[in-house]
There are 2 protein chains.
Amino acid sequence: MYAVTAVKPAASAKKFEVTCSGCNMRELCLTRGMHADDMQRFENVVYARRRMKRGEALFAAGDEFKAVYAVRSGFFKTSLGDGEGREQVTGFFMGGELLGMDGIGAGRYNNAAIALEDSEVCVLPYAMIEEVAQKIPALQRQLHAVLAREIVRDHGVMMLLGSMRAEERLATFLLNLSKRFTARGYSPSDFHLRMTREELGSYLGLKLETVSRLFSRFHDERLIEVEQKHVRILDIAGLGRILATRH
Amino acid sequence: MYAVTAVKPAASAKKFEVTCSGCNMRELCLTRGMHADDMQRFENVVYARRRMKRGEALFAAGDEFKAVYAVRSGFFKTSLGDGEGREQVTGFFMGGELLGMDGIGAGRYNNAAIALEDSEVCVLPYAMIEEVAQKIPALQRQLHAVLAREIVRDHGVMMLLGSMRAEERLATFLLNLSKRFTARGYSPSDFHLRMTREELGSYLGLKLETVSRLFSRFHDERLIEVEQKHVRILDIAGLGRILATRH
DNA sequence: CGTAATTTTGACTCCGCTCAATTGGCGTGG
DNA sequence: CCACGCCAATTGAGCGGAGTCAAAATTACG
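It should be emphasised that the depicted structure is a prediction, and the values quoted were computed from it without experimental measurement. (Residues numbered from 1 in each chain as written. Chains lettered and ligands numbered in written order. Predicted model: local features only at pLDDT ≥ 70, side-chain atom pairs only at ≥ 80, totals over all residues.)

*Asks:* I tried to follow the overall build of chain A on my own but got confused; where do I start?
*Replies:* When helices and strands are tallied, chain A shows seven helices and 12 strands. Across the 247 residues that make up chain A, the buried fraction comes to 44%. Long-range pairs, those at least 24 residues apart, make up 71% of the contacts in chain A with a sequence separation of at least 6. (Helix = DSSP H or I, 4+ residues; strand = E, 2+ residues; numbered from the N terminus. Buried ≥ 20, exposed ≤ 12 C-beta atoms within 10 Å, placed from the backbone. Contact = placed C-beta atoms within 7 Å.)

Laid out in structure tokens, this is it:
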């Protein structure tokens, strides 16, 4: 089914000398908590890297599932269409995060993944992952953990979409983004949004105008500063208080 | 970490002579597509069964993650609290479906799982699954597939919550339920809802009054018959048309 | 059989959507 | 380099769908 020999590198992928052990994303990626010797064995799986231009699709919904991708640098959205123009953004992904795992079940990607800025990914052919995971228990465990964490993340989004008000959704999103940037060594309070208001609205289950109004409102309340895509959080605790307050 | 010897059966679990090969859920469960010999080896993992009374919790959010559960009979909900009374129902589960996988990542269950009627589950200690999956590639692949399918399912819910109107959400839910009952040999159009309007509303991101009104509306439009928890779908195509219609 | 829980239905409110106009950025080409 | 055009973002006015509050009806269950 997933014959190793059948896996070809993607057109624009290049074979690299890749070392996970030297990658600064290693503690956020599949290699998390792996011993040095296991990590070396795992490096054979990392087939290649692929550079992406902003707007380019890493894969489209319905494409044959061959590989999982680890984001090395840049920023992605994944989204889902229902065939009639309706689009749902299902997630935003940054360095160290994995893309494409939803394809394992059906042999086809369920989402599309689009680069929201120039980016680079590591290509991990799934047949190889499966084979190596059979031999390295630490990798198998980590793979399961990554899949399960994706499920937990999705449940968080379900809670957000199912039971939060608009301002709570945006506050939750900003706090989440802040935490993820922090984990990558960036400022917790000062960052550049890579997505449009429309994409953010889709993710949060809101219309773009509502997102824009909320940014303005948060600005008026001295919680953030906004200038187009650049956001500076002025009052993290204040954003947290929006969530804590029951109605 | 997940030492096999440390795994004890849950208090109310009993050791059974269990055969997956004789289970009528085998084609919906983890054993799907498995060869007879692999299935026999897998049966050692199925530690025990556990009977559940309606309202009983299979596990609570935050409980230590030890096992995954396969529903043999009955009906469950999983839900997530945010610590302040807000509850989000994240799914409904019936025969052949797996519960508790979201715990793999953090070592603790993220959801609570509650039986909505008297039910029975197979207990699959995760340490054993992991060990056996190392030896049976077909099981490993199936496990990954089940995890990935759960992610795909969650994305469907995100689309539902993020971009559908109330009546589309309920129609989608009814059609989904109909399909799952059909796959289990029950009537596609005539079934008993196990959840309250409030639980269904939570799942669909609606208030219970809205769910009730929608049932009445669908009834007026001759799409369904409703009598309390009993639902009969009169016009499957009509329900489908609700989704197809853009606004 | 009585009490609590669930469901239905109505009246009213309000949050987020729709429609619309304007402004602001940014890349492209003259 | 600047002008143009396009896309993204902001802001306003008005509307409507789902929520809130409340009461009654029905059912479940000890």
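After that view, the rundown keeps rolling.
*Asks:* Is there a simple way to explain the protein's contact with DNA strand D in this structure?
*Replies:* Near DNA strand D there are 19 residues, and of these A:T196, A:S212, A:S216, B:A166 and B:T210 occur at the shortest range. Every element with two or more residues in the surface near DNA strand D is listed here: α5 (197-204) and α6 (208-220) of chain A together with α6 (208-220) of chain B. With six residues, the single largest contributor to the surface near DNA strand D is α6(A). Considering only residue class, the surface near DNA strand D consists of five nonpolar, six polar and eight charged. (Near = placed C-beta within 6 Å. Nonpolar A, V, L, I, M, F, W, Y, C, P; charged D, E, K, R; others polar.)

*Asks:* Looking at this structure, how should I read the environment of A:L223?
*Replies:* All names here are of chain A. In this structure, L223 sits in the loop between α6 and β11 (224-227). Classification of L223 as buried rests on a count of 21 C-beta atoms within 10 Å. Sequence separation of L223 and I236 is 13 residues, and the distance between their C-alpha atoms is 7.4 Å. Discounting residues that sit within four places of it in the chain, L223 has contacts with F218, L234, D235, G238 and L239.

*Asks:* Can you walk me through the domain arrangement of chain A in this structure?
*Replies:* Quoted interface sizes are often the accessible area lost when the parts come together. Residue and element names in this part refer to chain A. Taken domain by domain, chain A comprises domain 1 (4-159) and domain 2 (165-244). The C-alpha centroid of domain 2 is placed 26 Å from the C-alpha centroid of domain 1. Each partner contributes residues to the interface: domain 1 has 11 residues there, and domain 2 has eight residues. Elements represented by at least two residues in the side of domain 1 that touches domain 2 include exactly β5 (75-81) and β6 (87-94). The element contributing the most residues to the side of domain 1 that touches domain 2 is β6, with five residues. Counted by class, the side of domain 1 that touches domain 2 contains six nonpolar, two polar and three charged residues. (Domains from an automatic or database assignment.)

*Asks:* What is the right way to read the protein's contact with DNA strand C from this model?
*Replies:* The full set close to DNA strand C counts 19 residues, and A:A166, A:T210, B:T196, B:S212 and B:S216 are the nearest of them. Elements represented by at least two residues in the surface near DNA strand C include exactly α6 of chain A together with α5 (197-204) and α6 of chain B. Sorting elements by how many residues they give to the surface near DNA strand C places α6(B) first, with six residues.

*Asks:* What is the right way to read the packing of helix α4 (residues 166-183) of chain B against α6(B) from this model?
*Replies:* Packed helices, taken two at a time, are described by their axes: the angle between them and the distance between them. Residue and element names in this part refer to chain B. Two numbers describe how α4 lies on α6: the axes approach to 10 Å, and their chain directions differ by 75°. When the interaxial angle is binned, α4 and α6 end up roughly perpendicular. Of α6, the residues touching α4 (which contributes A166, E167 and L170) are T210, V211 and L214. Counted by class, the contact of α4 with α6 contains four nonpolar, one polar and one charged residues. (Axes fitted to C-alpha atoms, helices over the stretch in contact; angles between N-to-C directions. Parallel < 35°, antiparallel > 145°, perpendicular 65-115°, else oblique.)

*Asks:* Explain the interface of chain A and chain B to me, please; I cannot follow it from the model alone.
*Replies:* Residue-level contacts link 37 residues of chain A with 37 residues of chain B. Elements with a minimum of two residues in the side of chain A that touches chain B: β6, α2 (126-135) and α3 (137-163) of chain A. The leading source of residues in the side of chain A that touches chain B is α3(A), at 19 residues. For the side of chain A that touches chain B, the per-class residue count stands at 13 nonpolar, 14 polar and 10 charged.

*Asks:* Any chance you could explain the nonpolar core here in plain terms?
*Replies:* If you look at soluble globular proteins, the nonpolar side chains tend to sit buried side by side. Ranked by internal contacts, the top residues of the largest apolar core, which has 132 residues, are A:Y69, A:F76, A:L124, B:Y69, B:F76 and B:L124. Those residues within four positions of A:Y69 in sequence are excluded, and the remaining contacts are A:L58, A:L98, A:L99, A:G100, A:V121, A:C122, A:V123 and A:L124. Residues A:V157, B:L80, B:M159 and B:L161 belong to the second largest nonpolar core, which totals 14 residues. (Core = buried A, V, L, I, M, F, W, Y, C linked by C-beta atoms within 7 Å.)

*Asks:* What am I meant to see in the environment of A:E87 here?
*Replies:* Mapping A:E87 onto the fold places it in strand β6. Considered as a pair, A:E87 and A:L243 are 156 residues apart in the sequence and their alpha carbons are 27 Å apart.

*Asks:* Can you walk me through the sheet that holds strand β11 (residues 224-227) of chain B in this structure?
*Replies:* Where strands meet in a sheet, backbone hydrogen bonds hold them as pairs that are either parallel or antiparallel. Residue and element names in this part refer to chain B. Strand order in this open sheet of three strands is β10-β12-β11, and the pairing throughout is antiparallel. The sheet terminates laterally at β10 (190-192) and β11, the two strands that pair on one side only. Taking each pair of neighbouring strands and ignoring which way they run, the sheet shows an average axis angle of 15°. Strand direction decides the pairing type here: β11 and strand β12 (residues 230-233), joined by four bridges, are antiparallel. Looking across to β12, one finds that E225 is bridged to R232. (Pairing = 2+ DSSP bridges.)

*Asks:* Is there a simple way to think about the relation of the copies chain A and chain B in this case?
*Replies:* In summary, the two copies of the chain are related to each other by a rotation about an axis coupled with a shift along it. The operation relating chain A to chain B is a screw motion whose rotation component is 180°, with 0.0 Å of axial translation and a residual RMSD of 0.0 Å. Seen this way, the second copy is the image of the first under a two-fold rotation axis. Residue by residue, 100% of the interface of chain A is reproduced at the interface of chain B, so both copies engage with the same surface. (Least-squares fit on C-alpha atoms with pLDDT ≥ 70 in both.)

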